[in-house]
Amino acid sequence: AGLEIEFEKLRGRRLGLVGGSFALSFGIAVLISFALDAAGQVDTPLLVAIILVATSLGVVVPVLKDADKLSSDLGQLVIAAASIADFGAVILLSLFFSRESTSTTAQILLLVGFFVVAVALIFVLLGIEHWRHLTAVLARLQDTTAQIRVRGAFLLLIALVAVAERLGLEVILGAFLAGAVLTLVDRDRMMTHPRFRVKLEAAGFGMFIPVFFVTSGLQFDLDALFASGSTIALVPLLLAALLVVRGLPALVYRSTIGTRQAVVAGLLQATSLPFIVAASMIGIELGLIDEATSAALIAAGLLSVLIFPLMALTILRRAEPASAPTAAEPLPPIGAGRATLEGA
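Definitions and limits used
Residues numbered from 1 in each chain as written. Predicted model: local features only at pLDDT ≥ 70, side-chain atom pairs only at ≥ 80, totals over all residues. Heavy atoms only, no water. Helix = DSSP H or I, 4+ residues; strand = E, 2+ residues; numbered from the N terminus. Contact = heavy atoms within 4.5 Å. Phe/Tyr/Trp six-rings, centres within 6.5 Å; stacked < 30°, edge-to-face > 60°. Buried < 20%, exposed > 50% of the residue type's maximum accessible area, 1.4 Å probe, protein only. Expected span 1.5 Å × (residues − 1). Polar contact = N/O pair within 3.5 Å; in protein donor to acceptor, adjacent residues only side chain to side chain.

Peer 1: For the environment of A300, give the residues involved together with the corresponding values.
Peer 2: Along the chain, A300 falls in helix α16 (residues 291-323). Along the backbone, A300 and V235 are 65 residues apart, and their C-alpha atoms lie at a distance of 5.3 Å. Contacts of A300, omitting those with residues within four sequence positions, involve V235, L238, L239 and L242.

Peer 1: Residue-level account of the packing of aromatic side chains, with values.
Peer 2: Given two aromatic rings, their pairing is described by the distance between the two centres and the angle made by the two planes. Applying the stated criterion across every chain, the model contains two aromatic pairs. The interplanar angle of 40° and the centroid separation of 5.5 Å between the aromatic rings of F87 and F176 together place this pair among those described as tilted. Placement of F87 in helix α4 (residues 73-96) and of F176 in helix α8 (residues 171-185) is noted, with a sequence separation of 89 residues between them. Each ring, one from F154 and one from F208, has its centre 5.9 Å from the other, and the planes form 40°; the classification is tilted. Here F154, found in helix α7 (residues 148-166), pairs with F208, found in helix α10 (residues 196-219); they are 54 residues apart in sequence, far enough to count as distant. Judged by relative accessible area, F154 falls into the partly exposed class, the value being 26%.

Peer 1: Quick rundown of helix α15 (residues 274-285)? Include the residues and the values.
Peer 2: Taking 1.5 Å of rise per residue, twelve residues should cover 16 Å, and α15 covers 17 Å from first to last C-alpha, within 8% of that figure. Those residues of α15 that sit buried are F275, I276, V277, A278, A279, S280, I282 and G283. Backbone geometry just after α15 places G287 at a positive phi near 75°.

Peer 1: Any details on the side chain of S83? Residues and values, ideally.
Peer 2: With respect to the element layout, S83 can be found in helix α4. Within polar-contact distance, the side chain of S83 engages the backbone oxygen of I79 at 2.7 Å. Setting aside its immediate chain neighbours within four residues, S83 contacts I5, L57 and F176.

Peer 1: How would you summarise the side chain of T271 if you had to cite specific residues and measurements?
Peer 2: Within the secondary structure, T271 is located in the loop between α14 (259-269) and α15. The exposure class of T271 is buried, given its relative accessible area of 1%. A distance of 3.1 Å separates a polar atom in the side chain of T271 from the backbone oxygen of L267. For T271, the residues in contact, after removing those within four places along its chain, are T55, S56, V59, V60, S304, V305, F308 and P309.

As structure tokens, this is what we get:
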């Protein structure tokens, strides 16, 4: 997710739109979560609210790419919104529900310290990238069996995950920032190392993401989900909550991309699963949610991944014929124009 962030797009009016949308999402999520708490459906409303505001950037980006909308206004808004949502959700989770039992003030200080470490790493890596002699070595070894850039990326990942864990923060924050750091540092990839990002995508989509979902499936408590009717009834409620929390605020995009594409953006923003799985596991470890609630959350996330992108693509495809330019009339046969002139 960190690798997919386009920081140069997070500025100006677009940043204001997606930032306001996320703030609205979190406010709606808090209200819905406390309503579910009052109804006896959840026990930790703030944790559920944080879980509901995330968006699966790793799922949304391939959908936009396959629909050829990645570079459009719609695609850039959705990517920016998903980036803010993922980043915000990870920060909120680390701030309020870390495995380490420290105060909120201490967590803020730890987060600030961690970001200082990340910023320092950015400057160090930028210095390395502009060190002429070292750049030549990197260029020579990057596509050999040494795969120096790929190894460096994994070293950065391990280092930031280790620092996050050492500080008592969530390891997903370290992984997310590792991708963000690479995105900020890796500016000239098309000139000096065009295959580096492809290799990282191959590692991510080819190995880590499948392993993540297989592991999540193995740990998914199906018995807890079907143990009671109330748990089963919670699944559509949480699915609807995802749509309201992340989909409804997308209507603020109407002035930029129109109502139809704002609906598409809302459906894509409501697509969430990896963060739900990770945060639910953390909630279980901390004793904040039970197995049944976790199973219902994950089931709702799974349904969102199956349903919302398909609905978004369907709306996009139906809109294409209406918005497509009128096809040009076929050219007349050779000589037809001359015969018409002679007749005249």
